[in-house]
Amino acid sequence: MQTTELDPSLSAALQKAGADGLILVIANKNYSSWSMRPWVAMTAFGIPFKEHKILLRQADTANQIGRYSASGRVPILLVSDRPIWDSLAICEYLAEQFPDLGMWPQDSMARATARSICAEMHAGFASLRSAMPMDIRAHKPGQGRTAGAQADIARVIEIWESCLSEFGHHQFLFGAFSIADAYFAPVVMRFRSYGVSLAPALQAYAERVQAHPAVARWIREALAETEVLPD
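Note that this is a predicted model, so its numbers are computed, not measured.

**A word on the side chain of Arg37**
At step 1: With respect to the element layout, Arg37 can be found in helix H2 (residues 33–44).
At step 2: Here Arg37 is buried and forms no salt bridge, its nearest opposite-charge partner Asp86 lying at an N-O distance of 9.2 Å.
At step 3: Leaving out residues up to four positions away in the same chain, Arg37 has contacts with Met121, Arg129, Ala182, Tyr183 and Pro186.

**So, the environment of Arg208**
At step 1: As for its placement among the helices and strands, Arg208 is situated in helix H9 (residues 200–211).
At step 2: With 177 residues separating them in the primary sequence, Arg208 and Tyr31 have C-alpha atoms 21 Å apart.
At step 3: Non-local contacts of Arg208, meaning those with residues more than four positions away in its chain, are made with His170, Gln171 and Phe172.

**Description of the pairing of strand E2 (residues 22–26)**
At step 1: Burial runs high along E2: five of the five residues are buried.
At step 2: Judged by which residues are buried, E2 turns out to be covered on both faces: Leu22, Leu24 and Ile26 on one side and Ile23 and Val25 on the other are all buried.
At step 3: With four bridges joining them, E2 and strand E4 (residues 76–79) adopt antiparallel strand pairing. When the bridges of E4 are listed, Val25 appears paired with Ile76.
At step 4: The pairing of E2 with strand E3 (residues 50–53) spans four bridges and is classified as parallel. Looking across to E3, one finds that Ile26 is bridged to Lys53.
At step 5: Of the crossover connections in this fold, the one passing from E2 over H2 to the parallel E3 is right-handed.

Rules of the game
- Residues numbered from 1 in each chain as written.
- Predicted model: local features only at pLDDT ≥ 70, side-chain atom pairs only at ≥ 80, totals over all residues.
- Heavy atoms only, no water.
- Helix = DSSP H or I, 4+ residues; strand = E, 2+ residues; numbered from the N terminus.
- Buried < 20%, exposed > 50% of the residue type's maximum accessible area, 1.4 Å probe, protein only.
- Lys, Arg positive; Asp, Glu negative; His and termini not counted.
- Salt bridge = Lys/Arg side-chain N within 4 Å of Asp/Glu carboxyl O.
- Contact = heavy atoms within 4.5 Å.
- Pairing = 2+ DSSP bridges.
- Right-handed = clockwise from strand over helix to strand, strands pointing away.

Below, the structure is given as structure tokens:
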């Protein structure tokens with residue numbers, strides 16, 4: 001397991017949350033977009049946790065995941081050995097436990113919009129996921145452009161343009177980095193790998209996301225992995 005550096009200011013909050021340590025169970029950083037979301041959120045907001053990685057498509061992958069959750073999927077956040085096994089539920093739990101960190105936007109309408117786009121990403125965009133799976137090490141410009149994927153790309157662009165113009169002040173989606181940006185970080189990775197062209201303002205946003213220390217660290221560690229999964 002890998003441990004992030006402990007921020008002393010969060011010790012009391014962790015104890016209040018009933019957690020003598022948080023463990024985030026993830027899969028390969030190169031491929032697991034679902035794992036990336038809570039990992040980036042926790043790292044970005046300085047929430048200390050231990051990382052436990054389970055490699056995908058190994059003979060014992062299902063058994064390894066089953067030790068932590070009956071869902072059979074990652075990510076899983078272990079809180080005093082109790083599992084939270086959904087990426088959005090993990091982020092919501094953390095936002096509740098650490099309200100002073102501002103993981104969601106402070107403004108109520110911005111916060112509702114941020115939750116809406118995260119829920120939409122969580123439940124939708126099946127064509128984009130299928131045709132353009134996350135592969136950070138890959139360089140596949142032009143591939144995966146099915147009609148469904150193109151429609152999903154157009155919807156992502158619409159979301160980004162709307163949020164940046166109304167709430168983001170042309171920084172992150174809601175001004176300061178939030179769960180919403182962590183949630184769309186895997187899409188930024190897909191657009192990079194598959195060479196999706198963006199308008200200058202949206203390309204600048206994508207580059208800001210990639211340059212964020214938490215995202216940049218995930219990318220570095222994904223590039224350092226050696227496992228290769230079949231297409």
